[in-house]
Amino acid sequence: MTANTQKTVVNSWNEWDPLKHVIVGRADGTMIQAPEPAIERDWPDHGFPLGTYGLLPKEMEEKANEQLDNFAKILESRGLRVDRPTPLDFKQVVQTPDWKQKTMFGCMPPRDVLLTVGNEILEATMSYRSRWYEYLCYRPLLEQYFKEDPNFKWEAAPKPRLTEHTYKKDYWRKWEKMSEEEKDQAIHNRDWVLTEKEPCFDAADISRAGKDIFVYHSSVTNKGGIDWLRRHFSSHRIHVIWFYETNPIHIDATFVLLRPGLALSNRKRKPLAPGMIEFFKKNDWEIAECAEPALDGYPPLSFCSQWLSMNTLMLDTKTICVDAQEIKQMEQFDKLGFEVIPVPFADVSAFGGGLHCATADVNRQGDCEDYFPKQIEGF
Ligand code: ABU
């Protein structure tokens, strides 16, 4: 295949305009992170009991990279330009003046780090110490885009200090001891590990629909992060959403905007934000409940759930890439009128996500439009 010589033009306003240029992640060197206040991994059956950490097994990495390379080829065969990040040595100790972290994570999910809105790519703050330096994997590409596209706005949100004050003290110990009623209350109160000391957000908590931007108040995105986004994207309308979920992280396996007038909602994680459903209905959007996922729990060594079944990539309003194991989800999309491209991707989930997570938009052909002309006070 000849190299795609498409000119660099950073431009993407939503999740569905015709995709022309995209970044696809790599699995190389991905780590089970060393413990840190933001997160704990306890996988004794896989040799990673609480407190331990290390490289994901090499044979898993090879399989994941095969599937990622194959996905990149599928996209290229459809005429897209595909760029790839530059992995770092994620085994290394990283530090700032405030803390030392024994490992980094990886660069499979560019969606977590990079948010494209129009001609801007914004590097998210991130809220894990192990992911604080992850933006460096994308710097070679961003430097290149900056040279090639005179209109590209390259932005970085303020790096959080992530001191002990950014996290609630003994959060995980307290969570373990909670009764079901207390957990239920914590979910309704959105009582997650982050404090409001400083703004934090992951880019994958954001979903774009032209003038309207939806942000998930999750375990990795706090109110300050949402407020920062609201002030930064001041000509957009920012809507805060949240769901009934004990491990809320990233919007793209919970509520997915498929095309103008159609969203896909997780069948288990119910929306809790007042006014949200009314808002979509008022603007004549249909909210379809997703199909049953292929798996009935978290895949081995994965911190992403079975709901990666919903984690899809729209190539345009009629064409959608779906994990090939998600037969029921593909059937549903077929009935909803999409051309479905099945992409083998099951081996990638342990490396940080599905097809949406594994990508970041650089160019979708289209402009900033108003898909929600009827607003609701307070939402
Ligand atoms: N990074 C997307 C994972 C979300 C989930 O497992 O629900």
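My aim in this report is to walk through the structure given alongside it, one point at a time. (Residues numbered from 1 in each chain as written. Predicted model: local features only at pLDDT ≥ 70, side-chain atom pairs only at ≥ 80, totals over all residues. Heavy atoms only, no water.)

**Quick notes on the overall build of the protein chain**
Within the protein chain, the regular secondary structure consists of eight helices and 19 strands. Against the compact-globule benchmark of 21 Å for 379 residues, the protein chain has a radius of gyration of 19 Å, which places it among compact chains. Dimensions of the protein chain, computed from the C-alpha atoms along their principal axes, are close to 50 × 45 × 40 Å. Across the 379 residues in the protein chain, those meeting the buried criterion constitute 58%. Relative to all contacts within the protein chain whose residues are 6 or more apart in sequence, the contacts with residues 24 or more apart total 75%. Within the structure as shown, the protein chain displays about 15,800 Å² of accessible surface, and the carbon and sulfur contribution to it stands at 50%. (Helix = DSSP H or I, 4+ residues; strand = E, 2+ residues; numbered from the N terminus. Rg over C-alpha atoms; globule rule 2.2 N^0.38 Å. Buried < 20%, exposed > 50% of the residue type's maximum accessible area, 1.4 Å probe, protein only. Contact = heavy atoms within 4.5 Å. Areas by Shrake-Rupley, 256 points an atom, 1.4 Å probe, with all protein chains shown as cover.)

**With respect to the site of the ligand**
Contacts to the ligand come from Ile249, His250, Asp252, Ala253, Arg269, Cys304, Ser305 and Cys357. Separating an oxygen atom of the ligand from a backbone N or O atom of Ser305 is a distance of 2.7 Å. With the chains in place, 99% of the 250 Å² that the ligand exposes on its own is no longer accessible. For the shell around the ligand, the residue count by class is four nonpolar, two polar and two charged. (Near = heavy atom within 4 Å. Polar contact = N/O pair within 3.5 Å; in protein donor to acceptor, adjacent residues only side chain to side chain. Nonpolar A, V, L, I, M, F, W, Y, C, P; charged D, E, K, R; others polar.)

**Brief notes about helix H6 (residues 223–232)**
Buried within H6 are the following residues: Gly224, Gly225, Ile226 and Leu229. At its buried positions, H6 is contacted by strand E7 (114–117), strand E8 (120–123), strand E10 (206–209), strand E11 (212–216) and strand E12 (237–241).

**Some thoughts on the pattern of salt bridges**
All told, the structure shown has 26 salt bridges when counted by the stated rule. When the shortest N-O distance is used, the salt bridge between Arg231 and Asp227 registers 2.8 Å. Placement of both Arg231 and Asp227 in helix H6 is noted, with a separation of four residues, approximately one turn of the helix. We classify Arg231 as exposed; its relative accessible area is 62%. The partner of Asp370 in a salt bridge is Arg237, with the nearest N and O atoms 2.6 Å apart. With Asp370 in the segment after strand E19 (359–364) and Arg237 in strand E12, this residue pair connects regions lying 133 residues apart in the sequence. Connected through salt bridges with shared partners, the residues Glu15, Arg111, Arg208, Asp361 and Arg364 form a single ionic network. (Salt bridge = Lys/Arg side-chain N within 4 Å of Asp/Glu carboxyl O.)

**Section: the nonpolar core**
Ranked by size, the top nonpolar core spans 52 residues in total, and within it Ile23, Leu114, Leu115, Tyr138, Tyr145, Leu229 and Phe233 carry the most contacts. Of all the secondary structure elements, the ones that give two or more residues to this core are E7, E8, helix H3 (139–148), helix H4 (171–177), helix H5 (180–189), E11, H6 and E19. With residues near it in sequence (within four places) discarded, Ile23 still touches Asp83, Pro85, Pro110, Leu114, Tyr138, Leu141, Tyr145, Ala358, Thr359, Ala360 and Val362. Judged by nonpolar contacts, the second largest core, of 34 residues, contains Trp43, Leu301, Cys321 and Val348. (Core = buried A, V, L, I, M, F, W, Y, C linked by side-chain atoms within 4.5 Å.)

**Considering the side chain of Asp205**
Assignment of secondary structure puts Asp205 in the loop between H5 and E10. Buried and unpaired, Asp205 has Arg269 as its nearest opposite-charge partner, separated by 9.3 Å. A polar side-chain atom of Asp205 sits 2.8 Å from the main-chain amide nitrogen of His250. Within the structure, Asp205 has its side chain in polar contact with the backbone nitrogen of Ile251 (distance 3.4 Å). Those residues within four positions of Asp205 in sequence are excluded, and the remaining contacts are Phe214, Val215, Tyr216, Ser218, Val220, Thr221, Ile249, His250 and Ile251. (Lys, Arg positive; Asp, Glu negative; His and termini not counted.)

**Quick look at the sheet that holds E19**
Within a sheet, each strand pairs with its neighbour through backbone hydrogen bonds, oriented either parallel or antiparallel. Taken together, the three strands give an open sheet; going across it, the order is E4-E1-E19, and neighbouring strands pair in mixed fashion. Strands with a single pairing partner mark the edges of an open sheet, and in this sheet they are strand E4 (81–83) and E19. The mean angle between the axes of side-by-side strands here comes to 20°, regardless of whether they run parallel or antiparallel. When strand E1 (residues 19–24) meets E4, the two strands line up parallel, connected through three bridges. Paired with Val22 across the strands is Val82, a residue of E4. Along the sheet face, helix H1 (residues 58–77) touches E1, E4 and E19 and points at about 165° away from the line of E1. Relative to E4, H3 is tilted by about 135°, and along the sheet it contacts E1, E4 and E19. (Pairing = 2+ DSSP bridges. Axes fitted to C-alpha atoms, helices over the stretch in contact; angles between N-to-C directions.)

**Here's the deal with the packing of aromatic side chains**
A full pass over the atoms with the stated rule returns 26 aromatic pairs. Every member of this aromatic cluster is reached through a ring pair, and the members are Trp16, Phe214, Tyr216, Phe243, Phe255, Phe279, Phe280, Trp285, Tyr371, Phe372 and Phe379. Cation over ring: Lys159 sits above Trp132, and NZ or CZ is 4.6 Å from the ring centre. Just above the ring of Phe338 sits the side chain of Arg259; from NZ or CZ to the centre is 4.7 Å. (Phe/Tyr/Trp six-rings, centres within 6.5 Å; stacked < 30°, edge-to-face > 60°. Lys NZ or Arg CZ within 6 Å of the ring centre and 35° of its normal.)

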